[in-house]
Each structure stands twice: as structure tokens, then as C-alpha cells.
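# Descriptive analysis of the structure
So you can see what is in the structure, the chains are spelled out below.
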Amino acid sequence: MGEIRQSYLVAATSAVSLLRDPAVGSAWHKPSALTEFSVAGLAGHLAHQLVRVGDVLASNGAERAPIRLIEHYSMSPWVQAGLDHESNVSVRRGGEAAAADGPATLVEKTQSLLDQQAAGLPAEPADRVVNLPWTGWSLQLDDFLLTRLVELVVHSDDLASSVGVETPELPASVIEPVVELLARLAVHRHGPTAVIRTLSRAERAPATISAF
């Protein structure tokens, strides 16, 4: 099984463990660290990353030629949209809907998806292309899993911060591809000089080099 597939499963396993933490259930109806997200909604959004993977693996629709990850993010409306943009409102609604039956049910469903994916991903062809019906384009499966890896790592930190527990420690095999992709996106959005200055010259660093 490829490295990204293994890294995805490690991050997904960690995310399920975080969702199972009693601190998450105790803070379920409280605001999260993300504006306009409750803890429940954020937990639902974190869990939904596994739903997305399950959906694309189960799809047998006609795939288009896959696009590159930079194109994927450039064409995704949520990347630079405001909180009130329909794409981001839809994300929050989806998180709340996923969490509607409470923390125990969310954990049970997410663990079931993780078990299915741990069994199924090794059998997927190395060159598998998956259609993303919510976008209208396709990606290589491993590229799509990298996008989910980013979501799992970033939102695990958000959720842990929201409920007052330590951010899960993840191995380099998970963190390094996430940092690399975020750096590539930051360069694409802000240019190489801004990123280099931020990483090497605090006195000339721009206000932000956020990838999103």
C-alpha cells in the first residue's frame, strides 16, 4: 500500500480516537475554536472526511481525466471565500447534520468507515482515479487522500483546541506531506518571496502566508 494511503489511515485512526475523547462529548454544544462552528459541528466535519473517502471509493461513475492538486484548490470556491459564502455555510450545515445523533453515534459510524477503508484501500489500483461529484472534476485517489490528510490534521488541531486537550501527536509520515502541500499552496497564493521571508526573515515577513 502506498505511503499516502498508510498516512491517511494513521491520521483517520487518530481522528477517531480524538472524537472518542470524553472532552469532546462534554463540550458538544459549546462554541468551537472556529468561528460559527459548534464543537458538535466541527466534530461532524472532522468525521465527514472519512465519509468523503467512502463516497469516492464506492462511486462507479465515469471519471474525467484527473486534474492537479493546485488546480483542485484554485477552483474550489471555499478556499478564499468568506464565512458567509454558500460553500462555507454548507460545510457548517454538513458538520452539524453529521453530528445530529450525538457523539457516541458519530464515533460508531466513523469507526465503521475506518474499518472498511483499512480493509479496502490496499486493494485499490495504484493509478485509481476518483470522481468528486461535489466539484465536477476528478483526482488521482492518492491526491484526494492527501487532501483528506490535510483536513484531518488541521481539524484535529481545531477540535483539540476547542475542548482543551493536547493536539494529537502524529508521525512524520503524516505531518510532512501536509506541510509540503500547505507550503505549495501558500507559494501559489502569495508568491515565493512572501513564503521565504516568513520562514527566514521575521522583520520582513508579510502579515500572513495562509494557504487558505
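## Things to note about the overall build of the protein
Summing up its helical and strand segments, the protein has nine helices and two strands in all. Helices (α) and strands (β) of the protein occur, in sequence order from the N terminus, as α-α-α-α-α-α-β-β-α-α-α. Computed over its C-alpha atoms, the radius of gyration of the protein comes to 17 Å, within 12% of the 17 Å expected for a compact globule of 212 residues. Along the first, second and third principal axes, the C-alpha atoms of the protein reach 50 × 40 × 35 Å. Summed over its atoms, the accessible surface of the protein is roughly 10,700 Å², and 53% of this surface lies on carbon and sulfur atoms.

## With respect to the pairing of strand E1 (residues 129-132)
The two faces of E1 match: Val-129 and Asn-131 on one face and Val-130 and Leu-132 on the other face are all buried. Note that E1 and strand E2 (residues 137-140) share four bridges and pair antiparallel. Of the residues in E2, the one forming a bridge with Val-129 is Gln-140. A loop of four residues connects E1 with E2, the two strands running antiparallel in sequence, and Gly-136 in this loop sits at a positive phi of about 95°.

## A look at the nonpolar core
Grouped together as the largest cluster of nonpolar side chains are 54 residues, with contacts concentrated most on Tyr-8, Leu-19, Leu-152 and Leu-159. The contact partners of Leu-152, leaving out residues within four places of it in the chain, are Tyr-8, Ala-11, Ala-12, Ala-15, Leu-46, Gln-49 and Leu-50.

## Brief notes about the packing of aromatic side chains
Applying the stated criterion to the full structure yields two aromatic pairs. Measuring from ring centre to ring centre gives 5.7 Å for Tyr-73 and Phe-212, while their planes differ by 35°; the resulting arrangement is tilted. In this pair, Tyr-73 is assigned in helix H4 (residues 69-75) and Phe-212 in the segment after helix H9 (192-200), connecting sequence segments 139 residues apart. A relative accessible area of 28% means that Phe-212 is categorised as partly exposed. Taken together, a centroid distance of 6.0 Å and an interplanar angle of 55° make the contact between Trp-134 and Phe-144 tilted.

Cut-off values and rules
- Throughout, a residue's number is its position along its own chain's written sequence, starting from 1.
- Local features are withheld for residues below a pLDDT of 70 in this predicted model, meaning they are given only at 70 or higher, and side-chain atom pairs are given and counted only at 80 or more; totals for whole chains, interfaces and linings count all residues.
- The basis for every side-chain value is the complete set of heavy atoms in the structure, and neither hydrogens nor water enter the calculation.
- Starting at the N terminus, helices and strands are each numbered in turn, a helix being any DSSP run of H or I of at least four residues and a strand any DSSP run of E of at least two.
- A radius of gyration in this sense is built from C-alpha atoms; the matching globule rule multiplies 2.2 Å by the number of residues raised to 0.38.
- Using the Shrake-Rupley algorithm and a 1.4 Å probe, accessible areas are obtained, with residue cover drawn only from the displayed protein chains.
- Remark: exposure states derive from per-residue accessible area (1.4 Å probe, protein chains only) relative to the maximum for the residue type, with buried under 20%, exposed over 50%, and partly exposed in between.
- By this definition, two strands are paired if DSSP reports at least two bridges between them.
- Side-chain atoms within 4.5 Å are what join buried Ala, Val, Leu, Ile, Met, Phe, Trp, Tyr and Cys residues into a set we call a nonpolar core.
- Two residues qualify as a contact provided that any one of their heavy atoms is within 4.5 Å of a heavy atom in the partner residue.
- Note on aromatic pairs: the rings of Phe, Tyr and Trp (six-membered ring only in Trp) are paired at centre separations within 6.5 Å, and the planes decide the class, stacked below 30 degrees, edge-to-face beyond 60, tilted for the rest.

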